[in-house]
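As a plain string of letters, each chain reads:
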Amino acid sequence: MAAPILRCISRGQGLGTPGLSGVLPLGLREAHSGAQGLLAMQKARGLFKEFFPERGTKTELPELFDRGTAGSFPQTIYCGFDPTADSLHVGHLLALLGLFHFQRAGHNVIALVGGATARLGDPSGRTKEREALEAERVQSNARALRQGLKALAANHQQLFANGRTWGSFTVLDNSAWYQKQDLVDFLAAVGGHFRMGTLLSRLSVQTRLKSSEGMSLAEFLYQVLQAYDFYYLFQHYRCRVQLGGSDQLGNIMSGYEFIHKLTGEDVFGISVPLITSTTGAKLGKSAGNAVWLNRDKTSPFELYQFFVRQQDDLVERYLKLFTFLPLPEIDHIMQLHVKEPEKRGPQKRLATEVTKLVHGQEGLDSAKRCTQALYHSSIEALEVMSDQELKELFKEASFSELVLDPGTSVLDTCRKANAIPGGPRGYRMITEGGVSINHRQVTNPESVLVVGQHILKNGLSLLKIGKRNFYIIKWLQL
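Residues numbered from 1 in each chain as written. Predicted model: local features only at pLDDT ≥ 70, side-chain atom pairs only at ≥ 80, totals over all residues. Heavy atoms only, no water.

J.: Looking at this structure, I do not really get the pattern of salt bridges. What am I missing?
T.: The full count for this structure, using the stated rule, is 13 salt bridges. Close ionic contact of Arg349 with Glu353 constitutes a salt bridge, the shortest N to O distance being 3.1 Å. You can see Arg349 and its partner Glu353 sitting in helix α15 (residues 345–375), four residues apart, about one turn around the helix. The salt bridge partner of Glu362 is Arg369, with a shortest N-O separation of 4.0 Å. A relative accessible area of 45% means that Glu362 is categorised as partly exposed. Each member of the salt-bridge network shares a partner with another, and the members are Arg295, Glu362, Arg369, Glu389 and Glu392. (Salt bridge = Lys/Arg side-chain N within 4 Å of Asp/Glu carboxyl O. Helix = DSSP H or I, 4+ residues; strand = E, 2+ residues; numbered from the N terminus. Buried < 20%, exposed > 50% of the residue type's maximum accessible area, 1.4 Å probe, protein only.)

J.: Would you mind going over the sheet that holds strand β3 (residues 108–113) with me for this structure?
T.: In any sheet, the strands associate via hydrogen bonds between backbone groups, in a parallel or an antiparallel arrangement. The mixed open sheet is built from six strands, whose spatial order is β1-β6-β5-β2-β3-β4. Looking along the sheet, the strands with just one partner apiece sit at the ends: β1 (50–52) and β4 (169–173). Sheet twist, expressed as the average angle between the axes of neighbouring strands with direction ignored, equals 25°. When β1 meets strand β6 (residues 268–272), the two strands line up antiparallel, connected through three bridges. By the bridge assignment for β6, Glu50 is matched with Ser271. Strands in contact with helix α10 (residues 222–237) are β2 (76–81), β3, β4, β5 (239–245) and β6; relative to β5, the strand with the most contacts, it is inclined by about 145°. (Pairing = 2+ DSSP bridges. Axes fitted to C-alpha atoms, helices over the stretch in contact; angles between N-to-C directions. Contact = heavy atoms within 4.5 Å.)

J.: Which parts of the structure should I look at to understand the packing of helix α13 (residues 312–322) against helix α14 (residues 327–339)?
T.: For any two helices packed against each other, one specifies the crossing angle of their axes together with the interaxial distance. Axis separation between α13 and α14 bottoms out at 10 Å; the angle between their running directions is 160°. In terms of their interaxial angle, α13 and α14 are classed as roughly antiparallel. Remark: the crossing between α13 and α14 carries right-handed chirality. For the pair α13 and α14, the contacting residues are Asp312, Val315, Glu316, Leu319 and Lys320 in the first and Leu327, Ile330, Asp331, Ile333, Met334 and His337 in the second. Counted by class, the contact of α13 with α14 contains six nonpolar, one polar and four charged residues. (Parallel < 35°, antiparallel > 145°, perpendicular 65-115°, else oblique. Left-handed = near helix turned anticlockwise from the far one by under 90°. Nonpolar A, V, L, I, M, F, W, Y, C, P; charged D, E, K, R; others polar.)

J.: Sorry if this is basic, but what is going on with the side chain of Gln242 here?
T.: Mapping Gln242 onto the fold places it in strand β5. Within the local environment of Gln242, its side chain forms a polar contact with the side chain of Gln226, the two groups lying 2.7 Å apart. Beyond its immediate stretch of four places on either side in the chain, Gln242 contacts Tyr78, Gln226, Phe230, Ile252, Phe268, Gly269 and Ile270. (Polar contact = N/O pair within 3.5 Å; in protein donor to acceptor, adjacent residues only side chain to side chain.)

J.: What is the right way to read the sheet that holds strand β7 (residues 398–403) from this model?
T.: Taken in spatial order, the five strands make up an open sheet running β7-β11-β10-β8-β9, and their pairing is mixed. In this open sheet, the two strands that pair with only one neighbour each are β7 and β9 (440–441). In this sheet, strand β11 (residues 469–476) lies alongside β7 in parallel orientation, the contact comprising six bridges. Within the sheet, the bridge partner assigned to Phe399 lies in β11 and is Ile472.

J.: What am I meant to see in the nonpolar core here?
T.: The tendency in soluble globular proteins is for nonpolar side chains to be buried as a group. Among the nonpolar cores identified, the biggest contains 62 residues, and Phe81, Phe102, Phe307 and Phe322 are the most heavily contacted of them. For this core, the element with the highest residue contribution is helix α3 (residues 90–104), accounting for nine residues. When residues are assigned to domains, this core turns out to be shared by domain 1 (38–280) and domain 2 (299–390), each giving three or more. (Core = buried A, V, L, I, M, F, W, Y, C linked by side-chain atoms within 4.5 Å. Domains from an automatic or database assignment.)

J.: Explain the confidence of the model for the protein chain to me, please; I cannot follow it from the model alone.
T.: The predicted coordinates of low-pLDDT regions are not to be read in fine detail. Per-residue confidence for the protein chain gives a mean pLDDT of 84, with 86% of residues at or over 70. Within the protein chain, no element has a lower average pLDDT than helix α8 (residues 203–209), which sits at 76, and none a higher one than β4, at 98. Contacts for the low-pLDDT stretch residues 1–36, under 50 throughout, to residues beyond four places or in other chains number 95 contacts. In the predicted structure, residues 68–72 sits below a pLDDT of 50 and forms four contacts with residues beyond four places in sequence or in another chain. (pLDDT = per-residue confidence, 0-100.)

If you want it as structure tokens, here you go:
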């Protein structure tokens, strides 16, 4: 019995082909001869880590992408993203970059949100079962992920054109083909094509079975559903390549074996490396070290600084992985870095490219304003910052709205903002140099506030007490 196929499918809206304008800096343009060259190029950059199966198929993976030897062109590639949270994070970026590189080479790519599979929980790379999520929570997260993926694809399209004709970027949700599926019919049609010995042999399964917690049936069946996703996309979109993190190789193998049994056709998997912290932990929600791609969770400034702070021994690799910069340009950047390491040029370029992709030009401008305001004491940057940027930059700061009465002094301001203790102690904190307003130290408690000096053009004052305590004041009725 053939695997069941639902008639109803929710198609994500492709984002089309960008304009053909844009020249890369220094005249060092992207260069790869067709898609076969793309595979070798991304392998050289370190983005594509493993190919499965490497050999023994009727059509080899490089041939699949060569116009002259095999199949239709362009090809379709997909990658899955489970909505276990309401935002993507930096750990997802390499898989997205892989999709974007295929799209830039003229191929069609699919970002598949696991609105159904997220309820089971992927056991890959985990030592214990995920906390179960309610259906409503998964649906809400899935909506947010779909929006986030489309926003990233739009930034890519608008800001990173390379002069080539691109393929489409489509966002789908696998709940479209599972939500009306009958469980018994599905298991009867699909289950017979999977062998228990093979499923049990997967490293992710073996690891969990040997753990004290064991493995639930829901987790065990995850690889079956991921395999079916691959089959469904193969049937409906002629998708022959699945992209995923290196911990997904077992799931990808299950999809290959399932499709090959049912159709006799060959499909392929490509893995991308997992990004880890300095302690070796995988970056993500579960590890508690996620750097989010949603502004409400991680601001553009915080994302920018995450990459600016990368160590010298990592930055060249990250430029190759996280940006579209050609290798000759990266070599040039690193050569300049050897001469002037104190400028941290590669880190700043890395942070610029990633922040622009994630948050667009406005987000990058915001990150740079915040950097100037915080680390370079720039009054000009403070004056043009929005309330949102100030709150993002000084997350722990108290935010107050005050009316500017005639004759309001530095002492009055500090006390109304509850920034200093009452009595002589608070007075002395000012006279002893422990207070600054808009990065300028004030030592006279009786000084009357001056618009343009103590109060910026945007009606804000940044009050700093000691080294780390910030207070943001928004003045009313100016």
